[in-house]
Amino acid sequence: MVVSAKMPSAIATSSPPMTGIAEQPDVLAAKQATEVANLSEGRLRLAASVGWNRRECETLGVNPATRGSRFEEQVVLMRRLWTERSVDHEGRFFSVTGAGISPRPSAPIPLWFGAGRVDGDGFPSAAAIERAGRLADGFKFLAPSFNDLDRVARTIEQLRASV
């Protein structure tokens, strides 16, 4: 996420821009989101995903097969960085000792997940639905999925059941 490029649309639209954070550095992603949230007086709604571009992941040194697990760990770590003064974390993908960001967000940052197959009908996988139900504050569908409103309704029910 690049703060200067994402901030105007993140605070000026009802639909936040989507960014893949699984390949981003953990503390940097949390700090940049905090900067946007504070500069926008709390109007940021961060929409994030595991990312869809396998080649981009590989280029950034992230194994595409571990994107989901990495993303989940990163979300937990980012929320801790947003709320705790000092964070120690030793995980599968991230390791930080005494990390903190200052200033922290002045208000909680809503974290929406997006998911869906870009090479198909746009609907999220079962794993993405379960992940969003456990960890997200909201969900953003891909546009092609709205070609099947009955399936959108069923997916929303699956999301609710995952909470």
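Given the structure is predicted, the values throughout are model-derived calculations rather than measurements.

Draft legend 1. Inspection of the overall build of the protein chain at higher detail. Counting its secondary structure elements, the protein chain contains six helices and six strands. In sequence order, the secondary structure elements of the protein chain are arranged as α-β-α-β-α-α-β-β-β-α-β-α. Pairs at least 24 residues apart make up 64% of the contacts formed inside the protein chain by residues separated by at least 6 positions. Of the accessible surface of the protein chain, which amounts to about 8,700 Å², a share of 53% is contributed by carbon and sulfur atoms.

Draft legend 2. Representation of helix α2 (residues 26–39). In this model, α2 (14 residues) spans 20 Å end to end at C-alpha, consistent with the 20 Å of a helix rising 1.5 Å per residue. Within the sequence span of α2, burial applies to D26, A29, A30, Q32, A33, T34, V36 and A37. Positioned one or two residues after α2, E41 has a phi angle of 55°, which is positive.

Draft legend 3. Spotlight on the pattern of salt bridges. Throughout the structure, instances matching the rule amount to seven salt bridges. Between E58 and R55 there is a salt bridge, with its nearest N and O atoms 3.7 Å apart. In this pair, E58 and R55 both sit in helix α3 (residues 54–59), three residues apart, roughly one turn of the helix. Judged by relative accessible area, R55 falls into the exposed class, the value being 57%. What you see here is one network of salt bridges that share partners, running through E72, E130, R131 and R134.

Draft legend 4. Geometry of the nonpolar core. Counting 34 residues, the largest nonpolar core has L44, L46, L81, W82, I109, F113 and F139 as its most contacted members. Elements that contribute at least two residues to this core include exactly α2, β2 (46–49), α4 (67–83), β4 (95–99), β5 (111–115), α5 (126–135), β6 (138–141) and α6 (149–162). Ranked by the residues each element gives to this core, the list is headed by α4, at six residues.

Draft legend 5. Geometry of the packing of α2 against α4. One can describe the packing of α2 onto α4 by two numbers: an axis separation of 9 Å at closest approach and a directional angle of 50°. On the basis of their axis angle, the class for α2 and α4 is oblique. When the axes of α2 and α4 are compared, the crossing they make is right-handed. Taking contact as the criterion, the partners of D26, V27, A29, A30, A33 and T34 in α2 are, on α4, Q74, L77, M78, L81 and W82. Looking at the contact of α2 with α4 residue by residue, the classes come out as eight nonpolar, two polar and one charged.

Draft legend 6. Structural view of the side chain of T155. Take T155: it is sitting in helix α6. Contacts of T155, omitting those with residues within four sequence positions, involve F123, P124, I129 and F141.

What counts and what doesn't
Residues numbered from 1 in each chain as written. Predicted model: local features only at pLDDT ≥ 70, side-chain atom pairs only at ≥ 80, totals over all residues. Heavy atoms only, no water. Helix = DSSP H or I, 4+ residues; strand = E, 2+ residues; numbered from the N terminus. Contact = heavy atoms within 4.5 Å. Areas by Shrake-Rupley, 256 points an atom, 1.4 Å probe, with all protein chains shown as cover. Expected span 1.5 Å × (residues − 1). Buried < 20%, exposed > 50% of the residue type's maximum accessible area, 1.4 Å probe, protein only. Salt bridge = Lys/Arg side-chain N within 4 Å of Asp/Glu carboxyl O. Core = buried A, V, L, I, M, F, W, Y, C linked by side-chain atoms within 4.5 Å. Axes fitted to C-alpha atoms, helices over the stretch in contact; angles between N-to-C directions. Parallel < 35°, antiparallel > 145°, perpendicular 65-115°, else oblique. Left-handed = near helix turned anticlockwise from the far one by under 90°. Nonpolar A, V, L, I, M, F, W, Y, C, P; charged D, E, K, R; others polar.

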